[in-house]
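Structural features, examined
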Amino acid sequence: LSLSLSLGTVSAADTPVWKMTSKGTSATYSRKSYRLTSDIEKPKITGFVNDRLLGNYLHHVFPFPENAQLAATSRKPLNFQNLNEHLDRLLSEGLDSETGKDQNVDGRLGPTTVVLDHTSGFEGLLLVDDDLLGVVGHSNFSSIRATSCIYKGKWMYEVLISSQGLMQVGWCTLHCRFNQEEGVGDTSDSYAYDGNRVRKWNVTTTNYGKAWAAGDIVTCVIDLDEGKIGFCLNGISLGTAFEDIRSGPGIAYFPAISLSFKESVAFNFGSRPIRYPMEGYRPMQDPPEADLMKAHKLLGYLKNVFTISLDIQEGRLVEKDPASWQAEGEPTVLITLAHIFNCFSPLMCKVYLVEEVLMRYFLGILERGGAVDEHPLIQRLLDLMWLLMEDYEVQECLKQLMMSLLRAYRFSPIIPDLGLQIHYLRLTIAILKHEKTRKYLLSNVLFDVLRSVVFFYIKTPLRVEEAGLEELIPTTWWPTRFDKEGQEVKEESAEERLRRRAYERGCQRLKKRIEVVEELQIQILKLFLNNRDKGSGEASRYIFLNKFRKFLQENASNRGNPTILCPPEYMVCFLHRLIVALRSYWDEYRLRNPSAIPSEDAYVPPQLFFNGKVDYFDQQRLGGLLSHLKKTLKDDLASKANIIIDPAEISAISMDDLDEDDESITQQRLGGATAGGGALARPSWLSSPTLGRANRFLSTAAVSLMNPRRSLATVEKVKVRTLNVEQRTEEDIEGSHGNDGLLLGRPPDEPEQPITEKSLLEILDGAIMMYNLSVHQQLGKMVGVSDDVHEYAVALKDTEDKIARCPTTRKDILDELTKSQKVFSEKLNHLSRRLAWINATIYSKEKMLDIYWLLQVCIRVIEHSDRTKTLFAFMPEFYMNVAMNSYSALKNYFSPVNPMDELPGYQETLSRLAAILAKHFADARIVGTDIKDSLMQALASYVCYPHSLRAVERIPEEQCLAMMKNLLAPYEQRPWAQTNWILVRLWRGCGFGYRYTRLPHLLKSKPEDANMPSLQKPCPSTLLQQHMADLLRSDCEMAASFLNSVLNQLNWAFSEFIGMIQEIQQAAERPERNFVDSRQLKVCATCFDLSVSLLRVLEMTVTLVPEIFLNWTRQSAELLLRRLAQLINQVLNRVTAEKNLFDRVVNLRLPGLESVDHYPILVAVTGILVRILVDSDVQGVQRGTVVLLADPCFQLRSIQYLLGENDLTALGAKPPGTVKKHFSLQAYPDYISLEELMKVEGLLSHLTRESKQAAATALPTSEEDLCPICYAHPISAIFRPCSHKSCKACINQHLMNNKDCFFCKATITAVDDYIKPSSSS
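Notes on the structure in this doc start here. (Residues numbered from 1 in each chain as written. Predicted model: local features only at pLDDT ≥ 70, side-chain atom pairs only at ≥ 80, totals over all residues. Heavy atoms only, no water.)

1. Here we look at the overall build of the chain
Each helix and strand counted, the chain has 43 helices and 23 strands in total. Classification of the 1321 residues of the chain by burial places 55% in the buried group. A sequence separation of at least 24 residues applies to 74% of the contacts in the chain between residues at least 6 apart. (Helix = DSSP H or I, 4+ residues; strand = E, 2+ residues; numbered from the N terminus. Buried < 20%, exposed > 50% of the residue type's maximum accessible area, 1.4 Å probe, protein only. Contact = heavy atoms within 4.5 Å.)

What follows is the structure, given as structure tokens:
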């Protein structure tokens, strides 16, 4: 307001001294002085308002009602001296009769203010909000009822559904007894509706109503005059649910609910305006009729002020458009408004009146259309509120107004044009455009009392017909052509193409409507991020930044507390809007500062991770605990970043402080969440987001009512360990006069180029943390709708094929198939429209670009942090996780609707991520087990797909060699299964019979997920194979160590597998019915798969570097070959024995053991034998043959088994006709080439011939000359200094892991050849 007049410029006779009292309170408050001087340099002087003009003006603003009697008593002229008396008479008119009605309510018993009975009316564990209207289930099945009941008449109440899980809502009598298994509707005098299972309950249950979803409103109605109970969903009646209910003396019904763990609702018994009133039914709590009438009258007087102005020069009243009204410095108008607000202000502290009167009026102003800026009247009204209301009044009013707006937005039904959501968002923007209001709400309400993140959420409709999607998307489409493995075929007919294009046009129409809502949400965030509104204190952005950090802390530190965590579906929408607003401000800054980097190249500089300016709560760092890093790297911080760690700070953090029990940690985190929030408590997410925090914990096990608000001492303890972000100022964040703010401690390798405003860097850091907290998991969850469409489409196609093949004589079968076809088609129509909504709100091209931008940011952050050398350990783990998970989301969730190849700079990004995975999966600076496993799994997934494998091949050769060297490190020193899997994937497609995607016996079964890395087509890497060969060839010690560890793990894995299938076989043979534990079956299958993959790695090594086994001039070559032959013979004997254990378990075909079969393990062994005994040079073949035949476990029958022969059939002859079908490699022509079969036949011929010769030339060996360890080979080595003896194979294998003698445990210093002395004649 621009006013410069004192009150003396009113009429000369009317210069009262103003002192006002707040209505409805016993205390007296002196009102603010209305003498305003804000334009001192140019005072604006107006003339005196004469008595006649003033009287006319006041009569226009406060008109006489049509009641003649009142008009007769009020004929004297109005002025400011008698205005109070006149106003009191106007407001009291018509209240007597209404008040008398309110005092006598027939049919209801109990308090007039109806809430949930938190003293005795509950069962189980519950969390109840401060206002006793919101409730969260905290046990298996908890129940609670209201404080008031009804015994006759027609009554209703509303339930706002906050989660769509298992709940039963309705009515019960005082005599109903509930427990953890039985709730409302499970006893004789209780009646309930369950929208989760779509049923009604009264002891028994039947189908009823529709499914409810989060954001719906259920209306519960009871007619005790007719004995009926019914329910409505979003104002639409579901019909009568129960009839002939008991009534009469001693029978009264309470509103009640039973709900399972984590489910939540909020009740409206009438404390707020009923959203869907029912004609003839009264709410459980009566509306405040007297106050409501006063508020409407006062609002009418306020409107009158806006429609007329004073023309002092002409001495007359002038009508004007209310939209253009503003206080032009006329004190008469201001004092008139002061009289109105003196009565209006106390009423606006009541939630019912704010929602029914003030919010409706504001919404009405915006209904005229146009941009929000075209309606300045809302800004003027907010100016008046801050001017003419006491601070506590305007603050309470604004808080209740935002509560009502948030509730209205969240629980509005979805309509085709999203008009309701747009309406409420526009009003939210109009309110937040007012600077003082925005800052107050940011500081005290939006993140402290409200869950304002709800404003950025667009809920997904569960019932597409009610959302109008049938009209918006009249034509539906889904895939109709599939291959044998159930994968979609891109070919389509002309009709299918037309249908798809019509569906896509409907999806585009829907997307444009959703984009309107998203743009409004972005406008709200841009208001929050405004950093130029410094006229009345700190800029909005810095208030928001501190609240945003607190929000992140709550969600990062309370993972087990459902009432604190923000639902992930809200997080997804909030993240996307935040990214758009952030990038907008980022690029605006670059326009003003061309030397700054654009948002396309955004990153977070590494000094934020170690300079202590940003609080990362308990987020794990790559190098471990922050306290440990500060101790061990304090010298590096001083030398590289010029940051000195205070010794007192280090000593204050002891291990005792970190090893607290879970309860203590939870208490501290809850205390930390409430610290700095002022007197306002945090609300619950799961109940209504606009209510107070669920801080009442109800338990029937504990009689007392507990309030878990933490003591001050606990809060202070948290503050010692974390930054107090609530107290940071703009200077702390942005810096000034040589102070770098958030960028304190720039490392030498970090460029001096300005990036952007430092506050935006912290917001970017928070956005990445948000993605890690819950966004990625939610993206994976929502993709399930697309999977459902695919499954139903396959089922429909299969049903249509069956109908086509069904004989016309089988009408019964045809009818059933036709019914199934109709069900599948209806389901697909519903799902395809719902999928259109999800694709528009979650998986659109724009959302994909947001996630891709986060991926690129994380890659740059990791690259910059890596250059800091040891300080890289300070980087939070979530940056690595987001880099891996965002790529996974782009590949698995957004594709193929939005192909990754179309992303800008996709190939370069892929290569940079590959370099990060290759370098850091074995980085010694990373100590966390989970993050190291994640990196290994990401690399393993990377090499399964051709495009990402090529990216690995494109990284610099030096990094490639380093990666391969890390992969070839001994398996005993680290988790090795993923490493082995990576090597196998590099080989798959090159091995013997190893070109398959799925095993032959599994082709007819449908895979659970065809996108799994293990089900991708073979894509071997000859480049990486060559790097592996070069490393093994050049480093003999590493090669021996690597292969020895592979052989050890193979021995362990196969032995474990055999042991487990023995237990499984024994259980299957017992006469009683036994069920093998599914976990045991899974472990058994895993051991088998590990054995096969280890054999494939051995096959790859033999193929690429055969000299490791066959060049006996290399150390350990002979020993490795003997060990390999020993293990191969063990595997062959176990798998190929006639009617053996392996055969019997495979024939059981147990669920969980699908991968266990002859083919995968036998072709892997065959590949090794062929490489050594067929493809090697003459000397290699000779050495391999000698070693294999010398092993006492060798049986020629095992080799014959590979071709379907046994020891009685001649080579090339067909197997004898038997009932059992023998395994044979010849039975797999699609998997094994003719050339490979010929090599196996040559292998069998060679071994048959050589084994006969060996048998003929073998000399008998006395038992005394055999090795006392293995009894398979003659003694050939003697140990020094103890002179004990064994064969070379045993001692060489033993010395790889142990230096002590077998027999005397003396340390062996040398091993000499042993030659048996000739016997004396």
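That was the structure; now back to the text.
2. Examining the side chain of Ser774
Checked against the element boundaries, Ser774 lands in helix H23 (residues 758-782). Of the residues examined, Ser774 reaches a relative accessible area of 10% and is grouped as buried. For Ser774, the residues in contact, after removing those within four places along its chain, are Pro568 and Met571.

3. A word on the packing of helix H34 (residues 1036-1069) against helix H35 (residues 1078-1104)
Interhelical geometry of H34 versus H35 gives an angle of 150° and a closest axis separation of 8 Å. By the angle class used here, H34 and H35 are roughly antiparallel. As for how H34 packs across H35, the hand of that crossing is left-handed. Of the residues in the contact of H34 with H35, the class split is 22 nonpolar, four polar and two charged. (Axes fitted to C-alpha atoms, helices over the stretch in contact; angles between N-to-C directions. Parallel < 35°, antiparallel > 145°, perpendicular 65-115°, else oblique. Left-handed = near helix turned anticlockwise from the far one by under 90°. Nonpolar A, V, L, I, M, F, W, Y, C, P; charged D, E, K, R; others polar.)

4. Looking at the environment of Val357
Locating Val357 in the fold gives a position in helix H7 (residues 351-366). On a C-alpha basis, the gap between Val357 and Met293 in space is 9.9 Å, while along the polypeptide they are 64 residues apart. Apart from residues lying up to four places away in sequence, Val357 is in contact with Leu292, Ala295, His296 and Leu299.

5. Quick notes on the sheet that holds strand S22 (residues 1285-1286)
Spatially, the three strands line up as an open sheet ordered S22-S21-S23, and their pairing is antiparallel. Edge positions in the sheet fall to S22 and strand S23 (1310-1313), since each has one partner strand and no second. Here strand S21 (residues 1277-1280) runs beside S22; their pairing, made up of two bridges, is antiparallel. By the bridge assignment for S22, Ile1278 is matched with Lys1285. (Pairing = 2+ DSSP bridges.)

6. Thoughts on the pattern of salt bridges
For the structure on display, the rule yields 45 salt bridges. Ionic pairing is found between Arg592 and Glu757, a salt bridge with its closest N-O pair at 3.9 Å. Taken together, the residues span a long stretch of sequence, with Arg592 in helix H15 (residues 568-592) and Glu757 in the loop between helix H22 (730-734) and H23 at a distance of 165 residues. What makes Arg592 partly exposed here is its relative accessible area of 40%. (Salt bridge = Lys/Arg side-chain N within 4 Å of Asp/Glu carboxyl O.)

7. Things to note about the packing of aromatic side chains
Overall, the coordinates contain 46 aromatic pairs when judged by the stated rule. Taken together, a centroid distance of 6.0 Å and an interplanar angle of 10° make the contact between Tyr1201 and Phe1223 stacked. Note that Tyr1201 is positioned in helix H41 (residues 1196-1201) and Phe1223 in the loop between H41 and helix H42 (1234-1257), a separation of 22 residues in sequence. In this structure Tyr1201 comes out as buried when scored by relative accessible area, which is 4%. With relative accessibility at 8%, the residue Phe1223 sits in the buried group. One aromatic cluster is present, formed by Phe447, Phe456, Phe528, Phe544, Phe548, Phe551 and Phe574 through successive ring pairs. Sitting above the plane of the Phe242 ring, Lys200 keeps its charged end 5.6 Å from the centroid. (Phe/Tyr/Trp six-rings, centres within 6.5 Å; stacked < 30°, edge-to-face > 60°. Lys NZ or Arg CZ within 6 Å of the ring centre and 35° of its normal.)

8. Observations concerning empty space enclosed by the protein
Under the defined criterion, the tally for this structure stands at twelve cavities of 30 Å³ or more. Surrounding the largest cavity, Ala214, Gly215, Tyr409, Arg410, Ile414, Gln421, Val454, Tyr457, Ile458, Lys459 and Tyr570 form its lining. Here the residues of the lining of the largest cavity are counted per class, giving seven nonpolar, two polar and two charged. (1 Å grid on protein atoms, 1.4 Å probe; cavity = no way out; pocket = protein on both sides within 12 Å on 5 of 7 lines; lining within 4 Å. Points joined across faces, edges and corners; volume = space filled by probe spheres on them.)

9. Some words on the packing of helix H37 (residues 1117-1136) against helix H40 (residues 1178-1190)
Put simply, H37 and H40 touch, their axes get as near as 9 Å, and they point 55° apart. What the angle tells us is that H37 and H40 run oblique. H40 is crossed by H37, and the crossing has right-handed handedness. Counted together, Leu1121, Arg1122, Ala1125 and Asn1129 of H37 and Arg1183, Gly1184, Val1187 and Leu1188 of H40 form the full contact between these two elements. Class assignment of the residues belonging to the contact of H37 with H40 gives a composition of four nonpolar, two polar and two charged.

10. Notes on unusual backbone geometry
That bond from Arg1280 to Pro1281 is cis: its omega, 10°, falls within 30 degrees of zero. As for its placement among the helices and strands, Pro1281 is situated in the loop between S21 and S22. The backbone of Lys869 sits at a positive phi, close to 60°, despite the residue not being glycine. Here Lys869 lies in the loop between helix H26 (845-866) and helix H27 (877-894). Of the residues examined, Lys869 reaches a relative accessible area of 52% and is grouped as exposed.

11. Details of the pairing of strand S11 (residues 204-207)
Across four bridges, strand S10 (residues 199-202) lies against S11 in antiparallel orientation. Within S11, the residue paired with Arg199 across the bridge is Asn207. Counted along the chain from S10 to the antiparallel partner S11, the turn is one residue long, and its residue Val203 has a positive phi close to 70°.

12. Let's talk about the nonpolar core
Of all hydrophobic cores here, the largest spans 330 residues; its most connected members are Phe544, Leu779, Met880 and Leu983. Leu983 has contacts with Met964, Leu967, Leu968, Tyr971, Met1028, Phe1042, Val1097 and Met1100, leaving out every residue within four places of it along the chain. Within the second largest apolar cluster, 43 residues are counted, among which are Val128, Leu132, Met167 and Met284. (Core = buried A, V, L, I, M, F, W, Y, C linked by side-chain atoms within 4.5 Å.)

13. Some thoughts on the environment of Arg438
Following the sequence through the fold, Arg438 ends up in helix H11 (residues 435-444). Here the side chain of Arg438 touches Asp533 through a polar contact of 2.7 Å, side chain to side chain. (Polar contact = N/O pair within 3.5 Å; in protein donor to acceptor, adjacent residues only side chain to side chain.)

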